[in-house]
Amino acid sequence: MRVAIATVFNEYFNYGSFLQAFALQEYMTNRGIQVDMLYAPSSTRKKRKLKSVVTKNPKRLCFNLVRFFVYTVINRQLNSVRWPTTAKYDAIIAGSDEIWNLKNATFDHLPIYFGQGVDAVKRISYAPSTNGMEEADFASLEFEKSALKKIDSLSARDQRTVDLIKKVTAREVVEVLDPTFLLDWTKYEKVNTPNCKYILVYCYDLTPERLTMLQSLAKKLDVEKIISIGHFSAVGVDVVMSDPFEFLGYIKNATAVVSDSFHGTILSIQYRKQFCSFVGKNYKVDYALKSLGLEARNANYYSDIVDIFSQEIDYKKVDEILNVRKKISFDFLNRSLNIQ
């Protein structure tokens, strides 16, 4: 069997983007399926990447260049195939990530994200998200609405996307887990972390207010370091640029994890860490926490994140929810692909 996957993995430098793509690829490769990760080179993507590297700050520039090199190397672990392609596939899988969020300007919106533009017997969506899209946003999108209705097996990553796609297609849509839940990461993680206690910070925006709270938390937990990973931070923390598999190792050995990202949150859960998330108005993170009974890890509800860590997470309850949702996710993929 030959399957194409259409997702965002080569658009920007992001741990979650790579890991979700890698996880779906590996899930099928481990079952004897030939997988092609479709990508479409474009001048706009090159401009976005160049813009993310160039800066007048010498330290930040050095960090950005290392990050560019790291992702250039690690993306070779995905079996990238240039699109358009004349290849014939048994199935194309659209997903996961925000491929159906047409308001997201950080990547090019392509027909393959809706299962089109590829010669495939079957069209499947796995865990895409519309994030902030509303039904009214789809009103004039005739191509996208028509393409969604042609997908043979529909699934989505969150309840808002499920509800929206149901309205657009008048079809059943299965809620499934992000692909990162499909793998046991112990086989892939690379542990190369400091021999000391540390708080791992994976935040797009490490504000002075957040840094002050992190410093208070470091005292409470008696840790030696605050490590900011994947994003450049100017002061107050140790900055690390690792590859995605090393990132997993840093999560694994952290005393605590603090993040404001979707994948930073769910990977902390997968590693059963004590963590908190700066949710803000991020629906993806908010829903991930609520769907697993972890609303109490939402920093929106506290004036200081130190208070969040006064109570440990009962992962027995989380696992009970996850086990049910994993079965639904595995069953959906296997049924859609007709595999065991």
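Predicted, not measured: the structure shown is a model, and the values here were computed from it.

1. Regarding the packing of aromatic side chains
- All chains considered together, the criterion is met by 20 aromatic pairs.
- Ring geometry for Phe-13 versus Tyr-71: centroids 5.6 Å apart, planes at 40°, classification tilted. Here Tyr-71 lies in helix H3 (residues 58–74) and Phe-13 lies in the loop between strand E1 (2–6) and helix H1 (15–29), a separation of 58 residues in the sequence. Like Tyr-71, Phe-13 is buried.
- With centroids separated by 6.0 Å and ring planes inclined at 75°, the aromatic side chains of Phe-107 and Tyr-113 adopt a geometry described as edge-to-face.
- A residue is classified by how much of its surface remains accessible, and Phe-107, at 3% relative accessible area, is buried.
- Taken together, the aromatic side chains of Phe-13, Tyr-15, Phe-68, Tyr-71, Tyr-202, Tyr-204 and Phe-247 make up a single cluster linked through ring pairs.
- Here Arg-297 stacks its cationic end above the ring of Phe-309, 5.4 Å away from the centre of that ring.

2. Things to note about the environment of Asp-304
- Following the sequence through the fold, Asp-304 ends up in the loop between helix H9 (283–291) and helix H10 (315–337).
- Taking the C-alpha atoms as reference, Asp-304 lies 47 Å from Arg-82; in sequence the two are 222 residues apart.
- Polar side-chain contacts of Asp-304 include one of 3.0 Å to the backbone nitrogen of Val-306.

3. Here's the deal with the environment of Ala-218
- Along the polypeptide, Ala-218 turns up in helix H6 (residues 208–221).
- Taking the C-alpha atoms as reference, Ala-218 lies 9.5 Å from Lys-197; in sequence the two are 21 residues apart.
- If sequence neighbours within four positions are ignored, Ala-218 has contacts with Ile-199, Val-223 and Ile-226.

4. Some remarks on empty space enclosed by the protein
- A full pass over the atoms with the stated rule returns two cavities of 30 Å³ or more.
- The computed volume of the largest cavity comes to approximately 130 Å³.
- Arg-157, Phe-262, Ala-288, Ser-291 and Arg-325 are, among the 14 residues lining the largest cavity, the residues nearest its centre.
- Among the elements that make up the lining of the largest cavity, the one with the highest residue count is H9 (four residues).
- A class-by-class count of the residues in the lining of the largest cavity yields eight nonpolar, one polar and five charged.

5. Re helix H5 (residues 159–169)
- Listed as buried for H5 are Thr-161, Val-162, Leu-164, Ile-165, Val-168 and Thr-169.
- Each element contacted by the buried residues of H5 is listed here: helix H4 (142–149), strand E6 (155–156) and strand E7 (174–175).
- Measuring from the side-chain oxygen of the N-cap residue of H5 to the backbone nitrogen of Arg-160 gives 3.3 Å; that N-cap residue is Asp-158.
- Looking one or two residues past H5, Ala-170 carries a phi angle of roughly 55°, positive in sign.

6. So, the nonpolar core
- Residues Met-28, Trp-185, Leu-200 and Leu-337 are the most contacted members of the largest nonpolar core, which totals 70 residues.
- Broken down by element, this core gets its largest block of residues, nine residues, from H1.
- In contact with Met-28, not counting residues within four places along its chain, are Val-3, Ile-5, Ile-33, Val-35, Ile-93 and Leu-337.
- Counting 33 residues, the second-largest nonpolar core is a separate cluster that includes Ala-6, Tyr-89, Val-118 and Leu-141.

7. Concerning H9
- Of all the nine residues making up H9, eight are buried; the element is thus mostly covered by neighbouring parts of the structure.
- The elements touched by buried residues of H9 are H5, E7, helix H8 (262–270), strand E12 (275–277) and H10.
- Measuring from the side-chain oxygen of the N-cap residue of H9 to the backbone nitrogen of Lys-284 gives 3.0 Å; that N-cap residue is Asn-282.
- Just downstream of H9 lies Gly-293, where phi reads positive at about 70°.

About the cut-offs
- Residues numbered from 1 in each chain as written.
- Predicted model: local features only at pLDDT ≥ 70, side-chain atom pairs only at ≥ 80, totals over all residues.
- Heavy atoms only, no water.
- Phe/Tyr/Trp six-rings, centres within 6.5 Å; stacked < 30°, edge-to-face > 60°.
- Helix = DSSP H or I, 4+ residues; strand = E, 2+ residues; numbered from the N terminus.
- Buried < 20%, exposed > 50% of the residue type's maximum accessible area, 1.4 Å probe, protein only.
- Lys NZ or Arg CZ within 6 Å of the ring centre and 35° of its normal.
- Polar contact = N/O pair within 3.5 Å; in protein donor to acceptor, adjacent residues only side chain to side chain.
- Contact = heavy atoms within 4.5 Å.
- 1 Å grid on protein atoms, 1.4 Å probe; cavity = no way out; pocket = protein on both sides within 12 Å on 5 of 7 lines; lining within 4 Å.
- Points joined across faces, edges and corners; volume = space filled by probe spheres on them.
- Nonpolar A, V, L, I, M, F, W, Y, C, P; charged D, E, K, R; others polar.
- Core = buried A, V, L, I, M, F, W, Y, C linked by side-chain atoms within 4.5 Å.

None of the figures reported here should be taken as evidence of function without further support.
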